[in-house]
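Structural description and commentary
Below, each chain spelled out in residue letters.
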Amino acid sequence: MWTRGKSSGQLATRSSCFSLVHQYILRFNEVSGSKSAAIRRISKTPGVMITQYTATLPEGKSTPDFQCKPLAVTVKEGNFAIFKAVVTGDPKPDVSWRRAKGNLADKEKFQRKYDESTGEHILEIHKVSAAESDTYKCYAVNEFGKAVCTTTLNVIDGSTNPEDFRKLLKKSKAQTAGGESDETFWNAMLNADKRDYESICSEYGVADLNTILKKLEEKRKQKGKNKQMDVIISYDNDAEKQDTQSLGRKNGTRIEDPVQNETGIYIGDVEQANHHNRHLSLANAEKDLLLTEFKLSNVDFVTKIQEIKAEENDDALFECVLTQPLPKITWMRKGIILEDGEKYNITVSDNKLIHRLLIKDCTKLDKGIYSAVAGIISCSAWLVVEDQRNPATGGRKSVGKTATAAGAQANLEKMAKEQEIKIQEEMEKILKAIKGKYSETEKLKGEMLTVGEDCGGSDKRSKMQTKNTKDGTVTSFEDSETMTESGQQLRAGDLKKKKQTMGQAGCNTMAERKNTKDGPITTSDDCGTIEAGEQLRAGDLKKKKQTTGEGGCNTMAERKNTKDGHITTSDDCGVTEADKQLRAGDLKKKKQTTGKAGCNTMAGEAFEEDQDAGLGSNSIHIQQDQAAEYDVTEFIDQWDDVVQQLNQFRGNKNLNKSARNQRKTKNVHWKEQASDPGVQFVWGLSDVDAIIHERAELTCKLSREDCEGVWFRDGKQIYPDDSFSITMDGPIHKLVIMKCREEHSGKYRFEADGRRTEAMISIRDPPRFDPEDLSVFTKPLTVKVGHNAIFKLQFIGHKPIKVQWYRDGDELKDDNSIKIEKSATHTRLLLSRCQRRDTGEIKIKIKNDHGFTEAVSQLIVLDKPSSPLGPAEVTESSAICIEFKWRPPKDDGGSPVTNYILERQQVGRNTWKKMGEILGVPIYRDTDVDCGRKYHYRIWAVTSEGTSEVMETDEMQAGKFAFPGPPAPPKVVSAFNDCINLSWASPASTGGSRLLGYILEKRKQGSNLWTVVNVPDEIIKEKKYAVRDVVEGMEYEFRVCAINLSGAGEFSNASEFVFARDPKKPPGKVTGLKVTETSYTNMVVTWTKPEDKPGIQDEAKGYFVEIRRADCIEWSRCNNTPIIMTSFNVKGLKSMDMYWVRVIAINDGGEGMPEELPDYIFAMPLPVRPRFTNNKMKSFMVVRAGNSVRITVNFEASPRPEITWLKDNVPVMKRITISNSDASSQLLIPTSERSDSGIYSVLVKNIVGQETFSTEVRVTDDPKPPGPVELEESVPGTVTVIWQPSPDEKRDDRLHYTVSKLDSTKHTWTTVADRLFNNKFTVCNIMQGREYHFRVYAKNDMGISAPSESPTWGMEKKKAKIMVTEPTKKNCDLRCAPAFIVPLKPQTATVGYECYMSCAVKGDPTARVTWYRNHVSINTDTNYYISNTCGVCSLLILRVGPKDVGEYTVIAENCLGRAECSSVLSVRGKSETWLQLHVKSRHTPVNMPGACDVLSELFSFFDL
């Protein structure tokens, strides 16, 4: 069930990961009680439930969904578990994980990760224990909805000790969920099929299915103990017939005639037997499931799949090797399981270790991540599909090749063979350990399974009586002699419990069972004698008691059943011979009692419904023997399981437990069974896909040649006839179906000596071509251009059949030139008016539901050739001949070129001369030329289909003197005391004629004279020469020139100097190689030059430094030419990568052996603990609201540290910009607010240590004035000033007040109090008769507010009035609000130059002027120089940059009003400069013409 949490705590926990919109919706639904906002819908992915919050989704938006949900995981205790999920949705969902019975608070155990390359959300659980076995949920949430899916984690016991092999078959314990206390739940589970377990647990609300299965097994065992006396069996020598008849009755009870087949009586409870069979099958299925889970949990990859780069139309092959053989693994792409088919080919090696995925005809759509999943382990790799490197194939589809991963993928077979040997050794080790334990218990099993010796004596009697109170009858059998020889063999197929009590002669035993149903009693005597070698079987026998004694042993077995009241008694049941074999097909429990003479034992069991009873003095010992016997028999079953697994690995793949059960029914002692496993399959049957009306065969091989077998199809035996042929060639058995038909499909089984192997034969009817038509079709079809081409084929197969035609990989459709005819049995392709471009591959593909097939042919369209290709190249030009060559036609029209036709025209003439025809070689030598004349040539190519278009050459001149160019400088091949070997290359230009040879010259070091090396009359024909005219120890250089028909050409450049001496020995290894300095991009390597050892190693003349990345196998040389210094700075390294470094010494003798550093080097500086390098960093700063906040810290640390910024110990908000570099970090708040005030801390941390620095930032503004001021007099001579607080007091804890006083006698304001943090102050020394005025100011870190004035306090002393008559004058009020008399003008500045802007403002009182750029105050910005002189406000930008572009605003305000003026500044590049300004000093403003204009306008305004 998908339910919503009801408690508020759950809601708070869940909503912590949701978006704000989702939290609002949840809160609204809880408050309003409305549930209509949530819409439940099912995902396309099974098991995923989606909840949509809104009725309609905006365009392009979607609810979360799981593209790939997490799979259930079964791991061994102590190992590593992982869940992976891929989610989709727009906006991107938030993913969270939860579990049913606990939380995921332990971050070390539960780690959540996200893989950006694959888009997978990962939950990793480390060191898994039984406590983590639980149900896990994955939530994906965005503002439009959520998606939920569930998975489980199963934990199995971690013990792998072979000595305790039984633990491998048990699961770990876990707590039981609620609902299992209901008795009806357990009754339903006991009587249900295994496939219904999960649905029953869901119905009763039980979540832990693993624990329920474990308890269910315990309850079945307990129920079996409670009913161990429910069935009493007397044996029949035809056990199989007895089983069928006994289990066929409805009442579940059968009584055989005492005389029939000379056997005893069989009485059984069939319902209980059937229930026991069901219990056995379920137990075996659970054990197999546990073995499978244990096997899967140990599977891992020896070699994982790796990235493949393939071209389009190529095949791509992924390969992997497993540690354990698996018949099949899962291949996935983007969460979709890939199936074997036309596009994908999935194969498995014979040993089940190598798994391959072949992707055919790769396209761009196949690009992506592919995964191989084996059990709970998976691996992934990319497939990269690139464009074809050679797409120009003339319209033909290129032949595809198979691309594989780079690296050591070629050794997969070798790895698989090694892993196969390793697995076999491990299995042999387990078998050896079990055999050791088996030998220790051999003696105990011999005592428990060996039948007692002769019980001779005429007084031995056995009496068996059964009572049934239903009809009151009594059946008894007496006077039947019972005797068992010491050579008797006891074999049990599925033996579970055995009991044996050994004694001597004279043992009297009575076993009584009562059932309170009915009361009839049946008695029978003289049952007869059992012959030697007879077999006693019981198909579903539960428990068995056998009493064997010596002389005087009396035995009575009595059963009482209160349901019917029947009593059956048997005495003197007969004598068995020495070779008697006692068998039980599904025997579960067996008791055998051997007693001494005169020993009386009674074991009574009274069963009334579900009650257990054990009457008698020996019942405790019997229960102890039961437990010991159960341990031994369970060990045998586990032994068989291990042997079966080893046999399956060796090739006996179809050997199952039923075959073992049949094998156990043979007449072999248990000791012989353990030592001799009998006939085994060397290889078993394999599934066959046969084609209808064709031959099919099944083959298997046994370990012995003398064993015959039987074939079955769908449970019915197969006999040889016209359809089937059965052969046996030694150990090889073969079944051949001569001509397959549809009714031959089914399951085939081969049985031999109790073992069997099975396989499926599937009869398919795929499409097939008629062989004769196919042989004709595959031959290339040749037609002439303009003619029609026809391809036709007949086919058969299951209908319907789809037919597709292709040409060069492109499917053909009906059009004007293409006609495709199709019918049920044939198809025809008509290509009308074929052209040369139609030449190519023609392919037909037919497919139906059973498969597909293809056939390929070639279409060749013949046409005349294209013109020969130019330009013609002159190979020789002299006074007597012109030789030139050209290239053949690009398209020969499908026929080879037989000859060429040539014509010649002399330049300046209009006539063409026919030169005749030449063979199909594109070269011509014209000997009929005049010296100095120029000629044109025309050339045609001729084939059997016609003549091509003409190709005309350029001008060619005969008899032109053209000398060859200089050859390349000679190279020294080798040098000795008496000889120097040289070689050189031909000149780039031969001068238009062939080269005749070369002239070589030499020169000594320090001389200017060149001497010819070769004899003047004998030029050098080859491009090499051995100079023998040299003096030992002298140094020489050489040069060479080429000679053609025109003469000798220019000499080449001189070669390098070389000594005439024997070759030197290469130098040795350098010593003392070390790295002295490293950084993120370079490292400094130093070394010591190698020693000079004459005759062994000579002195080094230079060095090469080579590096290799740790993930690369090739060395790269850092210097192209040898260096002579013994140190080198390697540059261009990738930060934090690992590099190997080596140095090679070199001299004239060659390169020496490289010297390599023993360890790799990290591209990083030496470790340095973080340390701040700027000692002038401020710990406190005040910023006006609206301005930017910038905090910069400089540090040094290695390796590169992690930098974390915190505000009041909380990570900073996203709107704050953090910029980090290798040595500094900066925090920037573009536009500050009062809420940005706080303590900002930066934490710099790396592997060496950490360092922190804190700065207090206070964002504030000019405070607002205090409220009204009141005056009070409490004490004469004092005045208490009381005022209302400023509105900013609550937002600024550093705001305080200042009180000033004005005395009427002084006329100046004096401060009487400062830094007051309350709202009143008492002023002393107040004189009578004077007037006082008080002002209160609010102050903070930014500035002081306007004053709040108090009323007048006190009055002056009265004086005699003096009447003065003054002339009347008129007062003039000059106060006015601010106004701009000269506004700002638009400005255009050049990058890198100054910019000056100004305006004029008037106002009384003087206005306070503030400058803004883009509505941000710049009065405190040091990048701008601002001044205000006599109302002229100016702004100077010393160096204009692109960041200065914007709107500039000037605001002037006083107590009477406010005025504003704006202008826009535009910046252009230096190439667009219109005005050049000259600045004398960078720090002093210059007088600008604009400023003069403003002053002149200002003066004219005031009439100055």
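Our structure's up above, just so we're on the same page.
Residues numbered from 1 in each chain as written. Predicted model: local features only at pLDDT ≥ 70, side-chain atom pairs only at ≥ 80, totals over all residues. Heavy atoms only, no water.

Side note on the overall build of the chain
- Check the secondary structure of the chain and you find 14 helices and 104 strands.
- Across the 1504 residues in the chain, those meeting the buried criterion constitute 43%.
- For the chain, the share of sequence-separated contacts (at least 6 apart) that also reach a separation of at least 24 residues comes to 69%. (Helix = DSSP H or I, 4+ residues; strand = E, 2+ residues; numbered from the N terminus. Buried < 20%, exposed > 50% of the residue type's maximum accessible area, 1.4 Å probe, protein only. Contact = heavy atoms within 4.5 Å.)

Some remarks on the sheet that holds strand β41 (residues 724-729)
- With antiparallel pairing, the four strands of this open sheet are ordered in space as β36-β38-β42-β41. Looking at strand neighbours, the two that pair on one side only are β36 (681-683) and β41, the edges of this open sheet. Averaged over all neighbouring strand pairs, the angle between strand axes comes to 25°, with direction disregarded.
- When β36 meets strand β38 (residues 696-702), the two strands line up antiparallel, connected through two bridges. Among the inter-strand pairings, F681 is bridged to a residue of β38, identified as L702. (Pairing = 2+ DSSP bridges. Axes fitted to C-alpha atoms, helices over the stretch in contact; angles between N-to-C directions.)

Side note on the packing of aromatic side chains
- In total, this model carries 20 aromatic pairs according to the counting rule given.
- Both rings, one in F884 and one in Y937, keep their centres 4.7 Å apart while their planes meet at 45°; by these two values the pair is tilted. Of this pair, F884 sits in strand β55 (residues 882-887) while Y937 sits in strand β59 (residues 934-943), placing them 53 residues apart in sequence. Taken as a pair, F884 and Y937 share a single burial class, namely buried.
- An aromatic cluster of at least three residues, connected via ring pairs, comprises F884, W886, Y900, Y924 and Y937.
- Positioned above the aromatic ring of F1051, the side-chain terminus of R1039 is 4.3 Å from the ring centre.
- For R1061, the ring lying beneath its charged end belongs to F1059, and the centroid distance is 4.3 Å. (Phe/Tyr/Trp six-rings, centres within 6.5 Å; stacked < 30°, edge-to-face > 60°. Lys NZ or Arg CZ within 6 Å of the ring centre and 35° of its normal.)

Description of unusual backbone geometry
- Going from K799 to P800, the amide bond is cis rather than trans, its omega being 0°.
- Here the residue pair G870 and P871 is connected by a cis peptide bond, since its omega of -5° sits within 30 degrees of zero.
- Residue position: P871 is located in strand β54 (residues 869-877).
- Positive phi, close to 65°, is recorded for H1307, a residue that is not glycine.
- Here H1307 is to be found in the loop between β91 (1296-1303) and β92 (1309-1316).

A look at the nonpolar core
- Counting residues in each nonpolar core, the largest one holds 26 residues, and the members touching the most others are F318, W331, I359 and L383.
- Elements with a minimum of two residues in this core: β14 (308-311), β15 (315-322), β19 (354-359), β20 (368-374) and β21 (377-386).
- What L383 contacts, discounting residues up to four positions off in sequence, is I308, A310, A316, F318, I359, C362, D366, K367, G368 and Y370. (Core = buried A, V, L, I, M, F, W, Y, C linked by side-chain atoms within 4.5 Å.)

Concerning helix α3 (residues 183-191)
- Taken as a whole, α3 has its buried residues at F185, W186, M189 and L190. Each buried residue of α3 lies within a common arc of 130° when the element is viewed along its axis, so the set occupies one face. (Arc of directions from axis to C-beta.)

Side note on the pattern of salt bridges
- One pass over the full model with this rule turns up 61 salt bridges.
- Where D1111 meets R1109, a salt bridge forms, and the shortest distance between an N and an O atom there is 3.6 Å.
- Residues participating in the shared-partner salt-bridge network are R1184, D1261, D1262, R1408, E1453, R1458 and E1460. (Salt bridge = Lys/Arg side-chain N within 4 Å of Asp/Glu carboxyl O.)

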